[in-house]
Amino acid sequence: MNGLTTPDLVQMVAAALFSVGVFGVLSRRNLLIVLMSIELMLNGANLSLVGFSREMAHLPRGAAEGGQVMVLMAMAVAAAEVAIGLSILIALFRHVRSVDVDAPRATLLRN
Amino acid sequence: MPTLLIILAGLLVVGAGLLTVTQRNPVRAALCMLVALAGVGALMLGLRSPFLAAMQVLLYGGAIMVLFTFVIMLLTLREDEMGPEPSDGSKLGAAFMSLLTLSVLWFGISRRGGASYEAPRLGEEFGSAQHFSTFLYTDYVVAFELVTVLVLAAVAGVIVLGRSAHRTSLEQTKIAGPGEEAHS
């Protein structure tokens with residue numbers, strides 16, 4: 001842990017949260033949990049951006065605020081993505097009666 | 001923000017995230033995700049971004065979490081509708097891939113030199129709603145408008161997705177309706 005500063009710790013927490021999301025997306029078969037894992041990944045990226053923004057706060061005007069604006073945009077995109085994803089989930093559930101992404105009839109989305 | 005607090009909040013966030021992706025029950029997973037999102041909000045507060053922390057709680061902890069719980073309530077999944085538990089092999093592969101991602105990211109973080117939180121310019125206004133919106137509505141107004149278009153498209157998409165399913169079910173009821181049966 002030599003030379004590891006507080007900004008690095010924040011970035012490592014963000015990276016760990018992102019990796020947890022990757023694990024969820026790859027391992028789970030429940031589409032609800034997969035969507036939640038995607039949210040965790042987005043949160044990891046947001047936390048990383050906020051950390052970098054805090055690091056650049058001493059630079060001239062506008063350097064740090066760009067990262068914060070980007071986080072707000074990412075949050076808006078995430079809200080839209082969840083709304084679409086959950087409505088796709090409900091539409092799929094009406095057809096297949098399952099939220100298993102590997103269910104035999106769920107593959108109709110693939111081709 | 002003290003290093004110890006960051007470590008504690010980070011452990012809380014990562015632990016709650018791990019519980020989220022391993023819980024079988026969707027309600028429990030959603031609750032664990034709420035804890036993780038709140039922890040990220042606390043970290044944002046410690047990084048001098050109070051406006052973003054408020055947005056994190058309002059948007060993620062409020063809006064998105066309500067959407068998730070509403071869908072869980074609407075579906076009321078039975079055990080067989082959630083699919084079988086993933087096999088040990090796929091879990092192992094997923095763990096390997098995520099650990100690979102983590103090690104690559106950590107390698108990059110450890111290789112960058114001498115990052116620190118300097119604070120000569122930081123006034124009380126940094127990260128506040130007023131300071132933030134000054135930039136949002138001047139330098140980044142185009143991005144802001146584009147996001148409004150995106151949200152509008154999302155609303156239209158949700159309406160289309162919800163309506164088409166509704167219409168097919170209506171057609172099915174019409175086919176099997178009492179009038180048709182009386183006719184045949």
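Residues numbered from 1 in each chain as written. Chains lettered and ligands numbered in written order. Predicted model: local features only at pLDDT ≥ 70, side-chain atom pairs only at ≥ 80, totals over all residues.

What about the overall build of chain B?
Working step 1: Per the secondary structure count, chain B includes 7 helices and 0 strands.
Working step 2: For chain B, the N- to C-terminal ordering of α and β elements is α-α-α-α-α-α-α.
Working step 3: Taken across its 184 residues, chain B has 22% of its residues classed as buried.
Working step 4: For chain B, the proportion of contacts with a sequence separation of at least 24, taken over those separated by at least 6, is 54%. (Helix = DSSP H or I, 4+ residues; strand = E, 2+ residues; numbered from the N terminus. Buried ≥ 20, exposed ≤ 12 C-beta atoms within 10 Å, placed from the backbone. Contact = placed C-beta atoms within 7 Å.)

Observations regarding the interface of chain A and chain B
Working step 1: Each side of the interface is counted separately: chain A has 66 residues, and chain B has 75 residues.
Working step 2: Breaking the side of chain A that touches chain B down by element, the ones donating at least two residues are helix 1 (6-27), helix 2 (31-55) and helix 3 (65-96) of chain A.
Working step 3: With 23 residues, helix 3 of chain A is the largest single contributor of residues to the side of chain A that touches chain B.
Working step 4: Grouping the constituent residues of the side of chain A that touches chain B by class yields 40 nonpolar, 15 polar and 11 charged. (Nonpolar A, V, L, I, M, F, W, Y, C, P; charged D, E, K, R; others polar.)

Remarks on the environment of Asp139 of chain B
Residue and element names in this part refer to chain B.
Working step 1: Residue placement: Asp139 occurs in the loop between helix 5 (129-136) and helix 6 (141-175).
Working step 2: The class of Asp139 is partly exposed, set by 14 C-beta atoms lying within 10 Å.
Working step 3: When the C-alpha positions of Asp139 and Phe68 are compared, they lie 34 Å apart, and in sequence the two are 71 residues distant.

Details of the confidence of the model for chain B
Residue and element names in this part refer to chain B.
Working step 1: When pLDDT is averaged along chain B, the result is 84, and 84% of the positions lie at 70 or above.
Working step 2: Per-element mean pLDDT across chain B ranges from 48 in helix 7 (residues 178-183) up to 94 in helix 2 (residues 26-46).
Working step 3: In this model, residues 179-184 is a region of pLDDT below 50 whose contacts with residues beyond four sequence positions or in other chains number 1 contact.
Working step 4: Reported confidence for the predicted complex is 0.89 by ipTM and 0.87 by pTM. (pLDDT = per-residue confidence, 0-100.)

Some details on helix 2 of chain B
Working step 1: The end-to-end C-alpha distance of helix 2 of chain B, which contains 21 residues, comes to 30 Å, matching closely the 30 Å that a straight helix rising 1.5 Å per residue would cover.
Working step 2: The positive-phi residue at the C-terminal boundary of helix 2 of chain B is Arg48 of chain B, with phi of around 60°. (Expected span 1.5 Å × (residues − 1).)

Considering the environment of Pro86 of chain B
Working step 1: For Pro86 of chain B, the location among the structural elements is in the loop between helix 3 (50-75) and helix 4 (88-111).
Working step 2: Taking the number of C-beta atoms within 10 Å as the measure of exposure, Pro86 of chain B has 16 and is therefore partly exposed.
Working step 3: With 72 residues separating them along the chain, Pro86 of chain B and Val14 of chain B place their C-alpha atoms 22 Å apart.
Working step 4: Apart from residues lying up to four places away in sequence, Pro86 of chain B is in contact with Ser27, Arg28 and Arg29 of chain A together with Lys91 of chain B.

Overview of the packing of helix 2 of chain A against helix 2 of chain B
Working step 1: Across the interface, helix 2 of chain A lies against helix 2 of chain B with an axial gap of 11 Å and an inter-helix angle of 5°. With respect to each other, helix 2 of chain A and helix 2 of chain B are oriented roughly parallel. Touching Leu32, Ile33, Met36, Glu39, Leu40, Asn43, Leu47 and Val50 of chain A of helix 2 of chain A are Pro26, Ala29, Ala30, Met33, Ala36, Leu37, Val40, Leu43 and Met44 of chain B, all from helix 2 of chain B.
Working step 2: Class assignment for the residues of the contact of helix 2 of chain A with helix 2 of chain B results in 15 nonpolar, 1 polar and 1 charged. (Axes fitted to C-alpha atoms, helices over the stretch in contact; angles between N-to-C directions. Parallel < 35°, antiparallel > 145°, perpendicular 65-115°, else oblique.)

Structural notes on the nonpolar core
Working step 1: If you look at the biggest cluster of nonpolar residues, it comprises 63 residues, and the most contacted ones within it are Val13, Leu17 and Met36 of chain A together with Val13, Met33, Ala36 and Leu43 of chain B.
Working step 2: If you list the elements that add at least two residues to this core, you get helix 1, helix 2 and helix 3 of chain A together with helix 1 (3-22), helix 2 and helix 3 of chain B.
Working step 3: Filtering out sequence-adjacent residues up to four positions away, Ala36 of chain B remains in contact with Leu40 of chain A together with Val13, Ala16, Gly17 and Thr20 of chain B. (Core = buried A, V, L, I, M, F, W, Y, C linked by C-beta atoms within 7 Å.)

Observations regarding the environment of Ala79 of chain A
Working step 1: Position of Ala79 of chain A among the secondary structure elements: in helix 3.
Working step 2: Setting aside residues no more than four positions away along its own chain, Ala79 of chain A makes contact with Leu59, Ala63 and Ile64 of chain B.

So, the packing of helix 1 of chain B against helix 2 of chain B
Residues and elements named next belong to chain B.
Working step 1: Taken N-terminus to C-terminus, the directions of helix 1 and helix 2 make an angle of 155°; their axes are 8 Å apart at the nearest point. If you check the angle between helix 1 and helix 2, you find them roughly antiparallel. Our pair here, helix 1 against helix 2, has a crossing hand that is left-handed. In contact with Leu5, Ile6, Ala9, Leu12, Val13, Ala16, Gly17, Leu19 and Thr20 of helix 1, helix 2 contributes Ala29, Cys32, Met33, Val35, Ala36, Gly39, Val40, Ala42, Leu43 and Gly46.
Working step 2: A per-class count over the contact of helix 1 with helix 2 returns 15 nonpolar, 4 polar and no charged. (Left-handed = near helix turned anticlockwise from the far one by under 90°.)

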